[in-house]
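Remarks on the overall topology
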Amino acid sequence: MSLLLVIAAAGLATSSGAWALALRRRPALGQRLATATLVLGAALGVAGALLALAGQGAAWSAAWPTPRGSLSLRLDALSAIFLLPVLGLPALASIYGLGYWPQAARGAASIRLQLAFGLVTGAMALVCVADNAVLFLVAWEVMALAGFLLVFTEHEKPEVQRAAFVYLASAHAGNLALFALFALLGRLAGSFEFAAMAGLDGGGPLAGWVFALALFGFGLKAGLVPLHFWLPGAHAAAPSHVSALLSGVLLKTGIYGILRVTGFFQQVPAAWGAALLLAGAASAVLGVAFALAQHDVKRLLAYHSVENLGIIAMGAGLALLGRSSGNPALVVLGFSGAALHVVNHAAFKGLLFLGAGAVDHATGTRELDHLGGLARAMPFTAAFFLVGAAAISGLPPLNGFASEWLVFLASFHAILGHGAAATPLAGLAAPTLALVGGLAAACFAKVFGTVFLGQPRSPAAGRGHEASPAMLAPMGVLAVACAVIGLLPAAWLPGLVRAAVAWSGLPGPLLAGPAAEAARGAWKVSLVAAALLLGVALLAGWRRLRLGRSQPAAPTWGCGFARPSPRMQYTGSSFAEQLVLRFGWVFFPRTRVEPPTGLFPRRAAFGSHLPDTILDLGILPALGSAVRVTDRLRAQFGGRVQSKVFLVLVGVLGLLAWLALGGPG
Amino acid sequence: MILAVLQLLAFLALPPLLLGVIGRVKARVAGRVGPPLLQPWRDLRRLAGKGAVFSRTTTWVFRAGPVVGLAAVLAAGLLVPMGAPSSALSFAGDFALLAGLLGLARFVSVTAALDTGSSFEGMGAAREVTFAALAEPALFLGFLSLVRSTGGLDLSHLLGDGLAAAWQSDGPALLLVALSIFVVALAENARLPVDDPSTHLELTMVHEVMVLDHSGPDLALIQYGAALKLYLFGALVVKLALGARFADPAAAFVAFLCGQLLFAAGIGVVESTMARLRLSRVPQLLVGASVLSGFALVLLLR
Amino acid sequence: MTTPMTGWTDLFFLLVLVLDLFVLASSRLRAGIRAVAAQGALLAVLPVVLAGEATETRHVAVLVAGALLVKGVGIPWLLARATRESKISREAAPLLGFVPTLVLGALGIVLAVWFAADLPLPVPGKHPLLVPTSLGTVWCGLLLIMTRRKAVGQVLGFLVLENGVFVLGLLLSDFMPAMVEVGVLLDLFAAVFVMGLVMFDIQRAFSSLDTENLASLRD
């Protein structure tokens, strides 16, 4: 039943774009029907996933005339957790698209977008339930290509072209690693069915290669540092509701892959967990550090995805360490934290991207330091964005705190070392997470403050207007989701624990103790949240009684300066400067300074831009010099058949010599 | 049970007294008489009775700041043991919620400051988030050390029963932790040497400059909240220093209150003898605090 | 970890290490000199603290008196005089920022604490923090020498380094009595002597104590 619902959802989602194509003469109707189909599919699929989370998993299999392939599908609790955002967020984003990206006004580009949008949603759903390596890879490839088409939507812009091609190249580098990964797994298990891969031994050297390939291939998709380089550009280049989908959901398939593959193994070496934890910690800290230095809202949000995927990876790493050190508390808490953060991040990051899209839509700029004062013109967008900002900063009583609290708890359990030896490395997750939380709060105070508070810094910001109901409604739903999960985290724990059992292969009773402890804590978190809300209500009432309705207004206190202008407000860049300075060791900002000179300086200017250290200072220059070298080689040998054959001969001889000298074994 | 209620009542009533003690100690060191100990209470009552003026730039965010900020600190009071053997609500990982609630209070006060559009308040807000982000790891490293040393996961154990054995075996490491938490307390409560609460030069202030535009009852809420926060951090330091030295709960409660007064007096002495650090030097101090508690953790893990 | 007995001697070693970090983080030369003096005095008393394990009381007494005089009083006084007389500005302008050096120093100390137990040492049974303290202090001294621009800062680094060597010397003092101390103290004198001369020369040549100026000699 549950699986059937998900299959129906995937089918409806995949075909939803067909309406746009079929009704291209009546674009408004076509888009409405496509959206309705997608929403219907998502509703079915989410229902199926919830059933599976409640313990009603299912499997189904059919023959498929492909070498080693079969149409095997399986829906377990792990798949179900990922299916919730995978189906839910695209549905909301496509409703948003009705107001943000009306097909009637956008023409052919919009039809392509609608097609790819449905396709990517269906493919992601299939990735989450595929139970055969070949099927998985096919769905993965479709997902990657549809993602490319989505990024490529506004292909007339040069920065979009660049970002889309970087995305395509990196996606295929990752796919290559996945082909090797599943070939190895198939060799280890003797079959390409996932069911046959369960219970492998993680000790051998081949298993080590499997994990390394998974970390590379899936890490590239998840955007873990230093494999994040394609992400900020691609997510900033796409239309905002597409960015919400890419950032909120598509990245998670990378995490799903890592979890699925590590779930195949019976015992895992400690090095796996350590590697994942370190990669996560690096992503979290550097992601938020880079985000702090950005001044384009969408690039900033994209870097925050790197941070949040890092937090998820840290949770997963803790769970892996728990498995290798025999610490069930670490397994259940780390895994639950990571899995809940998958859902949470989809909610608040989707919300934030949609909010950023509304701002972009209203003012025509994404440049932080040109915005300001929009809370007056766009009160609902501002309120929803504030909820998302507080949630992503891990502040109670919202959902970001709930999942980070579980990861914190896992980290503290690690240092406690009940039963088994303490795992000091895992303990370091807590201070890292604390630092990241503080930096994220700083960053979102900067974003919210510069975009929505104060006075407009440019005429464009002054012309801002509230978003249409079609755009506001999805944001409202996501904001409510953030609040509900945050207020009642305990309600989710049973499903999460079921997924932890499915993933780790540990017996349920072993995990029940720490799970019960977490549940007790989670209910008390809800209690404190209730006390907080009660306190807010009482204090607000007292304040209203004291002040009454009429409140005298005056200009902001200018500290004695009588004529301040909006341009004199603190900007986002200056707000973050002190913190950005702390990261001078990874940042290489390019600044342009024209200092004021002379007694009555006419003009002075300052501009700064922060290139991505990995992409702009590492990979692109390296590729550039590689191209130069090959160009020179081609100039040397090019044109003549003789020299080309000579090169081939040298290559073949080299391979033979390598084989003769011992080869790969 | 009586003590559990009493500690919450003391939490509501006593914090302004700490500010009074600090003021009095500073005055005495400087050779003045100083204001009466209850002056902070009178200030609060005076502010609460006044009307308020609002900047035309501000929105509801500005008005929500003081309310949510105070409610968050009040809720945090449920999590910290303040004299009684256990806090009102104690559960594994409650210190993470404590840090989260204090973070919420900070977040709303920062957004309220940015809502005025004043560059001075923006400056203060930027400094506040910078220092807070750097203080956070120090606090968590301290908690980690305590978890490691006492073998518990909730504040009531970390700062209560668990400490008796811990001071016996890991005294030096706990001393480092206490020092580190004291530094964090100074930074989080905007005291010297991080911030000078008595200065009136906007360019050099951190916390005070953020609340320039608040007036009347809103300012009363903010100042009361600041006092409560000081009391919370005082509770952490005092409980940690006291350990489980007093077996009788009533004696322990009295000792705790005396400890809070000593904590306030200690801050008064620090403020009388130290100058404010240059702003660019503050991160050094906070990273130093992290290093101290991290070092303690390494000693405990060895 | 440790028994209550050694718990408070731990504090001695911890203070020495914390002073290392303080010197790394302090921006005022005067404060740095004071911290190094305090460290020297602490180290001078250290043999008494460890006396339960030492064999000869007279030997210990000589060591304490000598070290206290040289490390705690003499050298700091000389340095303070040098800074006063040569009118060096009081800021310790570093080549690498204070926070990075602090973090690096802490990292080194952590590694020293972590791995000291695995080192093959000729003398077992000494206090468990002795070797880590020594290695950590040497590391911090090296860091100071590498990162400080002013000659006085480098002399401070050298002194911290010597303090680390002195701690290591305590480890060996049981079976190589006088040799170690004599060597250490001699080293120290030579060091301060040489550095004093260098400082004086740099000062005379460039009327400043910024060693960066030496780089201009090459062109």
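For clarity, every value in this text was computed on a predicted model and none was experimentally measured.

Turning our attention to the overall build of chain B. The number of helices and strands found in chain B is 11 helices and one strand. The order of α-helices and β-strands along chain B, N terminus first, is α-α-α-β-α-α-α-α-α-α-α-α. Counting only C-alpha atoms, chain B reaches 60 × 40 × 40 Å along its principal axes. Here chain B holds 302 residues, and 68% of them are scored as buried. Relative to all contacts within chain B whose residues are 6 or more apart in sequence, the contacts with residues 24 or more apart total 78%.

Attention now goes to the interface of chain C and chain B. At the junction of the two partners, chain C supplies 19 residues and chain B supplies 18 residues. If you list the elements that add at least two residues to the side of chain C that touches chain B, you get helix H1 (4-25) and helix H4 (98-115) of chain C. Top element by residues in the side of chain C that touches chain B is H4 of chain C. It accounts for nine residues. For the side of chain C that touches chain B, a count of residues per class yields 16 nonpolar, two polar and one charged.

Another point: the nonpolar core. Core analysis: the biggest nonpolar cluster contains 420 residues, and Ile81, Ala125, Leu292, Ala316, Leu318, Leu439 and Cys482 of chain A have the highest contact counts within it. When residues in this core are grouped by element, the largest group, 22 residues, is from helix H15 (residues 328-363) of chain A.

Once that is clear, we can look at helix H2 (residues 29-49) of chain C. Note on helix geometry: an α-helix contains 3.6 residues per turn, so any two residues three or four positions apart are oriented the same way. Taking 1.5 Å of rise per residue, 21 residues should cover 30 Å, and H2 of chain C covers 30 Å from first to last C-alpha, within 8% of that figure. Those residues of H2 of chain C that sit buried are Leu29, Gly32, Ile33, Ala35, Val36, Ala37, Gln39, Gly40, Leu43, Ala44, Leu46 and Pro47 of chain C.

Time to look at the environment of valine 165 of chain C. Residue and element names in this part refer to chain C. Positionally, valine 165 belongs in helix H6 (residues 151-172). Taking the C-beta count within 10 Å as the criterion, valine 165 has 17 such neighbours and is therefore assigned partly exposed. Along the chain, valine 165 and threonine 133 lie 32 residues apart, while their C-alpha atoms are 10.0 Å from each other.

Turning our eyes to something else, we now look at the environment of serine 86 of chain B. Residues and elements named next belong to chain B. Following the sequence through the fold, serine 86 ends up in the loop between helix H4 (60-76) and helix H5 (94-115). C-alpha separation for the pair serine 86 and arginine 56, spaced 30 residues apart in sequence, amounts to 46 Å. Those residues in contact with serine 86 that lie beyond four places of it in its chain are Pro81 and Ser156.

All names here are of chain B. Contact geometry of H4 with helix H9 (residues 216-242) gives a least axis separation of 9 Å together with a crossing angle of 25°. Classified by the interaxial angle, the pair formed by H4 and H9 is roughly parallel. Taken as a pair, H4 and H9 cross one another with a handedness that is left-handed. Contacts between H4 and H9 pair Pro66, Val67, Gly69, Leu70, Val73, Leu74 and Ala76 from the former with Asp218, Leu221, Ile222, Tyr224, Gly225, Leu228, Lys229 and Leu232 from the latter. Of the residues in the contact of H4 with H9, the class split is 11 nonpolar, two polar and two charged.

Attention now moves to unusual backbone geometry. A cis amide bond, omega 0°, links proline 396 of chain A with the succeeding residue proline 397 of chain A. One non-glycine residue with positive phi stands out, namely arginine 68 of chain A, at about 65°. Inspection of the secondary structure puts arginine 68 of chain A in the loop between strand S1 (58-60) and strand S2 (73-75). In this structure arginine 68 of chain A comes out as partly exposed when scored by C-beta crowding, with 13 C-beta atoms within 10 Å. Not every positive phi belongs to a glycine, and alanine 190 of chain B is a case in point at roughly 55°.

Turning our attention to helix H2 (residues 15-29) of chain B. Residues and elements named next belong to chain B. Relative to the 21 Å expected for 15 residues at 1.5 Å per residue, H2 spans 22 Å between its end C-alpha atoms, a close match to the ideal helical length. Burial runs high along H2: 12 of the 15 residues are buried. Contacts from the buried residues of H2 go to helix H3 (39-49), H9 and helix H10 (249-273).

So, about the interface of chain B and chain A. Taken together, the contacts link 66 residues of chain B with 65 residues of chain A. Class assignment for the residues of the side of chain B that touches chain A results in 44 nonpolar, 15 polar and seven charged. With two bridges joining them, strand S3 (residues 553-554) of chain A and strand S1 (residues 54-55) of chain B adopt parallel strand pairing. The residue bridging alanine 554 of chain A from the neighbouring strand is serine 55 of chain B, located in S1 of chain B.

Here is what the cut-offs are and how they apply
- Residues numbered from 1 in each chain as written.
- Chains lettered and ligands numbered in written order.
- Predicted model: local features only at pLDDT ≥ 70, side-chain atom pairs only at ≥ 80, totals over all residues.
- Helix = DSSP H or I, 4+ residues; strand = E, 2+ residues; numbered from the N terminus.
- Buried ≥ 20, exposed ≤ 12 C-beta atoms within 10 Å, placed from the backbone.
- Contact = placed C-beta atoms within 7 Å.
- Nonpolar A, V, L, I, M, F, W, Y, C, P; charged D, E, K, R; others polar.
- Core = buried A, V, L, I, M, F, W, Y, C linked by C-beta atoms within 7 Å.
- Expected span 1.5 Å × (residues − 1).
- Axes fitted to C-alpha atoms, helices over the stretch in contact; angles between N-to-C directions.
- Parallel < 35°, antiparallel > 145°, perpendicular 65-115°, else oblique.
- Left-handed = near helix turned anticlockwise from the far one by under 90°.
- Pairing = 2+ DSSP bridges.

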